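For reference, the chains in residue letters:
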Amino acid sequence: MATRKYEITYIIKPDIDEETKKALIDRYDKIVTDNGGEMVDSKDWGKRRFAYEIEKYREGTYHIMTFTASDDKAVNEFDRLSHIDDRVLRSMTVNLSK
């Protein structure tokens, strides 16, 4: 099976402290690697202002991770867990292989 390259951008609530944010980022990086993904890059874009309110927030902390995987297991697990985590406001996954 061919390896695909993915990019996940997710927005973290701006009111969590730095230690909690780092733990959250490490957790999601580990979720991807534990489910067959190989991390290429994981970087913090910092706080950015939104064009419109999301859950009563006007800004959020953006984080982008790029990884490769042979199947979509890592993407599905990230999506599942990030949707039930109330510290993640939004996430978007892009398949860069096409």
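Residues numbered from 1 in each chain as written. Predicted model: local features only at pLDDT ≥ 70, side-chain atom pairs only at ≥ 80, totals over all residues. Heavy atoms only, no water.

1. Quick look at the nonpolar core
Judged by nonpolar contacts, the single largest core of 17 residues is most densely connected at Ile8, Tyr10, Tyr28, Met65, Phe67 and Phe78. Of all the elements in the fold, those that place two or more residues in this core are β1 (4–12), α1 (18–34), β3 (57–69) and α2 (73–84). The element that contributes the greatest number of residues to this core is α1, accounting for five residues. Other than its neighbours up to four places away in sequence, Phe78 contacts Ile8, Tyr10, Tyr28, Ile31, Met65 and Ser91. Formed by six residues, the second largest nonpolar core is a distinct cluster that contains Ile11, Phe50, Ile54 and Tyr62. (Core = buried A, V, L, I, M, F, W, Y, C linked by side-chain atoms within 4.5 Å. Buried < 20%, exposed > 50% of the residue type's maximum accessible area, 1.4 Å probe, protein only. Helix = DSSP H or I, 4+ residues; strand = E, 2+ residues; numbered from the N terminus. Contact = heavy atoms within 4.5 Å.)

2. What about α2?
Between its first and last C-alpha atoms α2 spans 17 Å; for 12 residues at 1.5 Å apiece the expected length is 16 Å, and the two agree. Burial in α2 covers these residues: Ala74, Val75, Phe78, Leu81 and Ser82. Buried residues of α2, viewed axially, fall in a sector of 145 degrees; they line one side. With respect to the buried face of α2, the exposed residues turned more than 90 degrees away are His83 and Ile84. Structurally, α2 contributes buried residues whose contacts are with β1, α1, β3 and β4 (88–95). (Expected span 1.5 Å × (residues − 1). Arc of directions from axis to C-beta.)

3. Thoughts on the sheet that holds β3
Taken in spatial order, the four strands line up as β2-β3-β1-β4 in an open sheet, and their pairing is antiparallel. Two strands bound the open sheet, and with one partner strand each, they are β2 (38–54) and β4. Taking each pair of neighbouring strands and ignoring which way they run, the sheet shows an average axis angle of 20 degrees. Where β1 and β3 come together, nine bridges link them in antiparallel fashion. Considered in β3, the bridge of Ile11 is made with Tyr62. Along the sheet, α2 contacts β1, β3 and β4; its crossing angle with β4, the most-contacted strand, is approximately 165 degrees. (Pairing = 2+ DSSP bridges. Axes fitted to C-alpha atoms, helices over the stretch in contact; angles between N-to-C directions.)

4. A few points about the pattern of salt bridges
For the coordinates displayed, the defined rule picks out eight salt bridges. Of the charged contacts, one joins Asp44 and Lys21 as a salt bridge, the two residues approaching to 2.9 Å between their closest N and O atoms. Of this pair, Asp44 sits in strand β2 while Lys21 sits in helix α1, placing them 23 residues apart in sequence. Judged by relative accessible area, which is 38%, Asp44 ranks as partly exposed. Connected through shared salt-bridge partners, Glu18, Lys21 and Asp44 make up one network. (Salt bridge = Lys/Arg side-chain N within 4 Å of Asp/Glu carboxyl O.)

5. A short note on the environment of Val75
Mapped onto the fold, Val75 is located in helix α2. Here the alpha-carbon distance between Val75 and Asp41, two residues 34 residues apart in the chain, equals 15 Å. In this structure, Val75 is in contact with Tyr6, Phe67 and Thr93, ignoring residues within four places of it in sequence.

Take it as geometry only, folks, not as evidence of what the structure does.
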